[in-house]
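Remarks on the overall topology
Listed below are the residues making up each chain.
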Amino acid sequence: VGSELSASSMSAIRIQRQDGPKPLPNYAIISVVGCMAQDGDNWTLTKASDPSRLRVAEKATPDELKAAGAKPLGTMTFPLQNLAMLGAFDAQAHKGHKMMAKGPLIRNSSGERVSVTELEMVGSSCEP
């Protein structure tokens, strides 16, 4: 049973190639939701969702933040880089919060990470 196509349902639509989905390319602009955690001197999103590719890296709208807050957590972990580019952002104050990160997906031999251009709290806790 389908539902009516509307502007608000567009973010849930996935278009893929005829031969199936492919991994996101290096430097694709993504959005990912996960739990803010500290790993030594570094910060990560743990229990992170699969990344969603974005067409543009505009500031999140209130509707986008609401949808991110409702998004289920996943099993991935993404190290976050360039948090200093966020200015006065206080990572310690968000430890354990459900967060949405946006930015380029960086892939190399040590794994995947997000070069953060936006980091927003979408839930006060990662606990169900």
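Above this text is the structure in question.
These numbers come from a predicted model, not from an experiment. (Residues numbered from 1 in each chain as written. Predicted model: local features only at pLDDT ≥ 70, side-chain atom pairs only at ≥ 80, totals over all residues. Heavy atoms only, no water.)

Here we look at the overall build of the chain
Of regular secondary structure, the chain possesses one helix and seven strands. In the chain, the succession of helices and strands from N to C terminus is β-β-β-α-β-β-β-β. Taking the contacts inside the chain whose residues are at least 6 apart along the sequence as the reference set, 70% of them involve residues at least 24 apart. For the chain, the computed accessible surface area is about 8500 Å², with 52% contributed by carbon and sulfur atoms. (Helix = DSSP H or I, 4+ residues; strand = E, 2+ residues; numbered from the N terminus. Contact = heavy atoms within 4.5 Å. Areas by Shrake-Rupley, 256 points an atom, 1.4 Å probe, with all protein chains shown as cover.)

Side note on the pairing of strand β5 (residues 98-108)
Burial of β5 is extensive: nine of the 11 residues sit out of reach of the surface. The pairing of strand β1 (residues 29-39) with β5 spans seven bridges and is classified as antiparallel. Across the sheet, residue I30 finds its bridge partner in β5, namely G103. Bridging between β5 and strand β7 (residues 118-123) involves five bridges; their strand directions are antiparallel. When the bridges of β7 are listed, M99 appears paired with M121. By the bridge criterion, four bridges tie β5 to strand β6 (residues 111-115) in an arrangement that is antiparallel. Within β6, the residue paired with L105 across the bridge is V114. Between β5 and β6, which pair antiparallel in sequence order, lie two residues. (Buried < 20%, exposed > 50% of the residue type's maximum accessible area, 1.4 Å probe, protein only. Pairing = 2+ DSSP bridges.)

Here we look at the side chain of H94
Mapped onto the elements of the fold, H94 is located in the loop between β4 (76-81) and β5. Of the residues examined, H94 reaches a relative accessible area of 18% and is grouped as buried. For H94, the contacting residues outside a window of four places in its chain are M36, F89, M99 and M121.

Quick notes on the pattern of salt bridges
Under the definition given, this model contains five salt bridges. Taking the shortest distance from any N to any O, the salt bridge between E64 and K102 comes out at 3.1 Å. One end of the pair, E64, is in helix α1 (residues 62-70); the other, K102, is in strand β5, and 38 residues separate them in sequence. (Salt bridge = Lys/Arg side-chain N within 4 Å of Asp/Glu carboxyl O.)

Some details on the nonpolar core
Of all hydrophobic cores here, the largest spans 18 residues; its most connected members are V32, M36, L45, L80, L83, V114 and L119. The set of elements that each furnish at least two residues to this core consists of β1, β2 (42-48), β4 and β5. Those residues in contact with L119 that lie beyond four places of it in its chain are M36, L80, L83, L86, F89, M99, M100 and A101. Core analysis: the next-biggest nonpolar cluster, separate from the first, contains five residues, V33, A60, A68 and M100 among them. (Core = buried A, V, L, I, M, F, W, Y, C linked by side-chain atoms within 4.5 Å.)

Keep in mind these values describe shape, not function.
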